[in-house]
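Remarks on the overall topology
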Amino acid sequence: MSVRGVHHLGFAVADLDEAVSTYAELFGATVEHRERVEEQGVEAASVLVGPDRIELLAPTGDDTPVGRFLANRGPGMHHVAYEVDDVRAALADLARKGVELIDHEPRHGLFGLEVAFVHPDAVHGVLTEVVCPV
Ligand code: CO
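Rules and cut-offs
Residue positions are given per chain, counted from 1 along the sequence in the order it is written. With the structure being a predicted model, the display of local features is reserved for residues of pLDDT at least 70 and the display and counting of side-chain atom pairs for 80 or more, all residues being used for whole-chain, interface and lining totals. For side-chain calculations, the full set of non-hydrogen atoms in the structure is used, while hydrogens and water are omitted. Definition used in this section: a nonpolar core is a set of buried Ala, Val, Leu, Ile, Met, Phe, Trp, Tyr and Cys residues joined via side-chain atoms within 4.5 Å. Under the scheme applied here, a residue whose accessible area is under 20% of the maximum for its type counts as buried, over 50% as exposed, and between as partly exposed, the area being computed with a 1.4 Å probe on protein chains only. A run of H or I in DSSP counts as a helix once it spans at least four residues, and a run of E counts as a strand once it spans at least two, with each numbered from the N terminus. Note on contacts: a residue pair is in contact if any heavy atoms of the two residues lie within 4.5 Å. Comment: arc refers to directions from the helix axis out to C-beta atoms. Whenever a nitrogen or oxygen atom comes within 3.5 Å of another N or O atom, the pair is scored as a polar contact, on the condition that within protein one atom can donate a hydrogen and the other can accept it, and that pairs from neighbouring residues in sequence are kept only if both atoms are in side chains. Note on aromatic contacts: the rings of Phe and Tyr and the six-membered ring of Trp form a pair at centre separations within 6.5 Å, being stacked when their planes are under 30 degrees apart, edge-to-face when over 60 apart, and tilted otherwise.

**Here's the deal with the nonpolar core**
Soluble globular proteins: nonpolar side chains tend toward being buried together. If you look at the biggest cluster of nonpolar residues, it comprises eleven residues: Phe11, Val13, Leu16, Ala19, Val20, Ala29, Ala45, Val47, Ile54, Leu56 and Ala58. Taken together, the elements giving at least two residues each to this core come down to α1 (16-27), β3 (42-49) and β4 (52-59). In contact with Val20, not counting residues within four places along its chain, are Val31, Arg34, Ala45 and Leu56.

Shown next as structure tokens:
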């Protein structure tokens with residue numbers, strides 16, 4: 001697997017507009033993309049902070065993955081995403097190494113990215129995403 005670097009850090013937030021404003025005011029961040037994906041239960045913004053990127057994730061309801069995360073853990077760090085050349089090849093490589101995967105196949109993620117999630121138990125408690133811009 002060839003990893004290009006960190007693509008983004010994902011943060012769970014209760015209110016997307018408020019979070020976008022906070023990052024703009026504190027760090028001069030700018031919104032790169034914003035979208036609401038009902039089937040994933042998320043309203044998200046891709047935000048540039050200097051040359052780097054964060055993903056702000058707000059739930060569309062309580063009974064959604066991000067809604068449950070907020071209820072259990074409160075707002076904060078949610079995941080790290082590494083950019084790879086090929087998500088399918090990365091999954092095959094991780095599976096060969098015995099890693100527990102959440103997604104066994106690449107899927108369509110936010111903002112047109114091809115993505116897959118790796119179980120946090122395999123990465124010392126950090127929910128990890130591999131992504132490839134398509
Ligand atoms: Co992400």
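**Points about helix α3 (residues 87-96)**
All of the buried residues in α3 are Val87, Ala90, Leu91, Asp93 and Leu94. In a view along the axis of α3, the buried residues occupy a sector of 165°, so they form one face of it. Tucked inside the fold, the buried residues of α3 contact β5 (76-84), β7 (113-118) and β8 (128-133). Where α3 begins, one side-chain oxygen reaches toward the backbone nitrogen of Arg88, 3.0 Å away; that side chain belongs to Asp86. Directly after α3, the chain includes Gly98, whose backbone phi takes a positive value near 80°.

**Points about helix α2 (residues 65-73)**
Residues Val66, Gly67, Phe69 and Leu70 constitute the buried set of α2. Along α2, the residues classed as buried sweep out an arc of 160° about the axis, all on the same side. Exposed residues pointing more than 90 degrees away from the buried face of α2 are listed as Pro65, Ala71 and Asn72. Where α2 is buried, its residues meet β1 (3-12), β3, β4 and β5. The first or second residue beyond α2 is Gly74, which carries a positive phi of 80°.

**A closer look at the environment of Pro51**
Topologically, Pro51 is positioned in the loop between β3 and β4. Of the residues examined, Pro51 reaches a relative accessible area of 76% and is grouped as exposed. Through-space distance from the C-alpha of Pro51 to that of Ala29 is 9.8 Å; in sequence the pair is 22 residues apart.

**Describing the packing of aromatic side chains**
Think of a pair of aromatic rings as described by two things: how far the centres are apart, and how the planes are tilted against each other in angle. Applying the stated criterion to the full structure yields two aromatic pairs. Centre to centre, the rings of Phe11 and Tyr23 are 6.2 Å apart; their planes meet at 20°, and the pair counts as stacked. One end of the pair, Phe11, is in strand β1; the other, Tyr23, is in helix α1, and twelve residues separate them in sequence. When the ring of Tyr23 is compared with that of Phe27, the centres are 5.8 Å apart and the planes differ by 40°; the resulting orientation is tilted. Of this pair, Tyr23 and Phe27 both sit in helix α1, separated by four residues, roughly a single helical turn. The class for Phe27 is exposed, based on a relative accessible area of 51%. Among the aromatic residues, ring-to-ring pairing joins Phe11, Tyr23 and Phe27 into one connected group.

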